[in-house]
Amino acid sequence: MRLRPAVIVMLAIALALAGVFFLKQNPVRVRDLHPEIEAILPEMAEIPAGRFTMGDDAKGRPIERPAHEVELTAYRIGKFEVTNAEWKRFCDATGHA
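Residues numbered from 1 in each chain as written. Predicted model: local features only at pLDDT ≥ 70, side-chain atom pairs only at ≥ 80, totals over all residues. Heavy atoms only, no water.

### Focus: the overall build of the protein chain
Applied cut-off: In DSSP terms, a helix is any run of H or I states spanning at least four residues, a strand is any run of E spanning at least two, and both are numbered starting from the N terminus. Using a 1.4 Å probe on the protein chains alone, a residue whose accessible area is under 20% of its type maximum counts as buried, one over 50% counts as exposed, and one in between counts as partly exposed. What makes two residues a contact is simply this: any of their non-hydrogen atoms within 4.5 Å.
Within the protein chain, the secondary structure is distributed over three helices and four strands. Ordering the α and β elements of the protein chain from the N terminus gives α-α-β-β-β-β-α. The buried share of the protein chain, reckoned over its 97 residues, is 5%. Long-range contacts, defined as pairs at least 24 residues apart, comprise 50% of the intrachain contacts of the protein chain with a sequence gap of at least 6.

Below, the structure written as structure tokens:
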């Protein structure tokens with residue numbers, strides 16, 4: 001049985017898309033690649049879900065108009081800034097410049 005070129009191309013595309021989907025669902029963690037690097041576990045603040053008004057019609061710059069309501073889901077954020085030492089560890093571990 002001989003596959004047509006179009007079928008081969010479609011199979012290759014399907015496999016590539018499946019691979020992308022798999023990688024997005026199962027990202028490679030730094031600790032998987034560099035177990036010798038101790039994880040940085042920053043202190044986090046819980047930000048509850050809520051609404052707020054973004055922008056300012058009266059005093060805002062043109063880019064800040066019109067004021068409008070924004071709704072955010074709950075999220076967590078680091079309580080403190082990333083230090084230069086933490087950033088360097090990240091860059092060293094991931095190969096980022």
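Past the structure itself, the notes keep going.
### Notes on the pattern of salt bridges
Stated formally: The term salt bridge refers to a side-chain nitrogen of Lys or Arg lying within 4 Å of a carboxyl oxygen of Asp or Glu.
Summed over all chains, the structure comprises six salt bridges. Residues joined by salt bridges that share partners form a network here, namely Arg51, Glu69 and Glu71.

### Some words on the confidence of the model for the protein chain
What counts is decided by this rule: The score called pLDDT rates the predictor's confidence residue by residue, from a low of 0 to a high of 100.
When the pLDDT values of the protein chain are averaged, the result is 83; 80% of them are 70 or greater. Ranking the helices and strands of the protein chain by mean pLDDT puts strand β3 (residues 68-72) first, with 96, and helix α2 (residues 30-33) last, with 64.

### Observations concerning unusual backbone geometry
The linkage connecting Arg65 with the following residue, Pro66, adopts the cis geometry, with an omega of -5°. Mapped onto the elements, Pro66 comes out in the loop between β2 (50-54) and β3.

### Focus: a nonpolar patch on the surface
To keep it simple, the criterion reads: Patch definition: residues above 30% relative accessible area lacking any salt bridge, with like charges linked at up to 9 Å and the nonpolar side chains Val, Leu, Ile, Met, Phe, Trp and Tyr linked at up to 5 Å. Throughout, the Shrake-Rupley method with a 1.4 Å probe supplies accessible areas, and for residues the shown protein chains are the sole cover considered.
Together, Phe52, Met54, Leu72, Tyr75 and Ile77 make up an exposed nonpolar region whose accessible area comes to about 420 Å². Mapped onto the elements, Leu72 comes out in strand β3. Here Leu72 falls in the partly exposed class, since its relative accessible area comes to 36%.

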